[in-house]
Amino acid sequence: MWHRFFLICVCALFFAACGAPPPAPEEELTRQQQTIGDLTIAFEGVAVPRINTSQQFVITLTDETGQPRDGADIYLDMKMPAMPMGINRPIAEPEGDGRYVAYSAYTMEGDWEMIVVVRLGDDEYRAVFLVVAVE
Ligand SMILES: [Cu+2]
């Protein structure tokens, strides 16, 4: 009986301590992707990025058969849905093999929308990826 009571206390303490901690910054990468029509846009960056540190973003384009798509003009539009944050639109430079790389920094902790704007010929594609930046 005492043993059981002790266990309940330990669990209660555990949940009190670990209720809703802010995510810890880490270097682990996250990869998210969206398919819009015939184009798949993948976004890769640090999963839980720290603010005001240089971040690398890798955009990968593939067509409906999984082949890499080169020749696109791409920029990212970094926005916070909660407030106007000024313009932060890094251009992604092509590296070949459907890969494009951009650099910028998150300037505030919280929810960011990473809007990837892709122009391929006359077509424009927009994919939105969500990232939470921490202090
Ligand atoms: Cu903000």
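Residues numbered from 1 in each chain as written. Predicted model: local features only at pLDDT ≥ 70, side-chain atom pairs only at ≥ 80, totals over all residues.

1. A look at the overall build of the protein chain
Within the protein chain one finds one helix and eight strands. Tracing the protein chain from N to C terminus, the helices and strands come up as α-β-β-β-β-β-β-β-β. A total of 135 residues make up the protein chain; the buried ones form 19% of that total. Sequence separation of at least 24 residues holds for 54% of the intrachain contacts in the protein chain that already meet a minimum separation of 6. (Helix = DSSP H or I, 4+ residues; strand = E, 2+ residues; numbered from the N terminus. Buried ≥ 20, exposed ≤ 12 C-beta atoms within 10 Å, placed from the backbone. Contact = placed C-beta atoms within 7 Å.)

2. Focus: the pairing of strand β5 (residues 91-96)
Put simply, side chains in a regular strand alternate between the two faces of the sheet. One ladder, built from two bridges, connects strand β4 (residues 73-79) with β5; its direction is antiparallel. Its bridge partner being in β5, Tyr 75 is matched across the sheet by Ile 91. Across three bridges, β5 lies against strand β6 (residues 99-104) in antiparallel orientation. Across the sheet, Glu 93 pairs through a bridge with Val 101, a residue of β6. Counting the residues between successive antiparallel strands, the hairpin from β5 to β6 contains two residues, one of them, Asp 97, with a positive phi of roughly 60°. (Pairing = 2+ DSSP bridges.)

3. Some words on the environment of Glu 93
You can see Glu 93 is positioned in strand β5. C-alpha separation for the pair Glu 93 and Ala 72, spaced 21 residues apart in sequence, amounts to 9.5 Å. Those residues in contact with Glu 93, other than ones at most four positions away along the chain, are Tyr 100 and Val 101.

4. A short note on unusual backbone geometry
Apart from glycine, the bulk of residues carry a negative phi angle, and the bulk of peptide bonds sit in the trans form. One non-glycine residue, Asn 52, adopts positive backbone phi at about 55°. If you trace the backbone, Asn 52 turns up in the loop between β2 (39-48) and β3 (55-62). A positive phi angle is found at Asp 97, which is not glycine, with a value near 60°. Along the polypeptide, Asp 97 turns up in the loop between β5 and β6.

5. Details of the pairing of β6
Sheet topology note: the β3/β6 ladder contains six bridges and is antiparallel. Its bridge partner lying in β6, Ile 59 is registered against Tyr 100.

6. Regarding the environment of Glu 124
Topologically, Glu 124 is positioned in strand β8 (residues 123-133). Its 11 C-beta neighbours within 10 Å are what place Glu 124 among the exposed residues. Taking the C-alpha atoms as reference points, Glu 124 and Ile 74, 50 residues apart in sequence, are found 9.7 Å from one another. With residues near it in sequence (within four places) discarded, Glu 124 still touches Val 117, Val 118 and Arg 119.

7. Here's the deal with the nonpolar core
Formed by 22 residues in total, the largest nonpolar core has its most connected members in Ile 41, Ile 59, Met 114 and Val 116. For this core, the secondary-structure elements that each account for two or more residues are β2, β3, β4, β6, β7 (110-120) and β8. Among the elements that line this core, the one with the most residues is β8, at five residues. Ignoring sequence-local partners within four residues, the contact set of Ile 59 consists of Ile 41, Ala 42, Phe 43, Ile 74, Ala 92, Tyr 100 and Val 116. (Core = buried A, V, L, I, M, F, W, Y, C linked by C-beta atoms within 7 Å.)

8. What about the confidence of the model for the protein chain?
Taken residue by residue, the protein chain gives an average pLDDT of 87. The fraction at 70 or more is 81%. This stretch, residues 5-18, has a pLDDT under 50; its non-local contacts, to residues over four places away or in other chains, come to zero contacts. (pLDDT = per-residue confidence, 0-100.)

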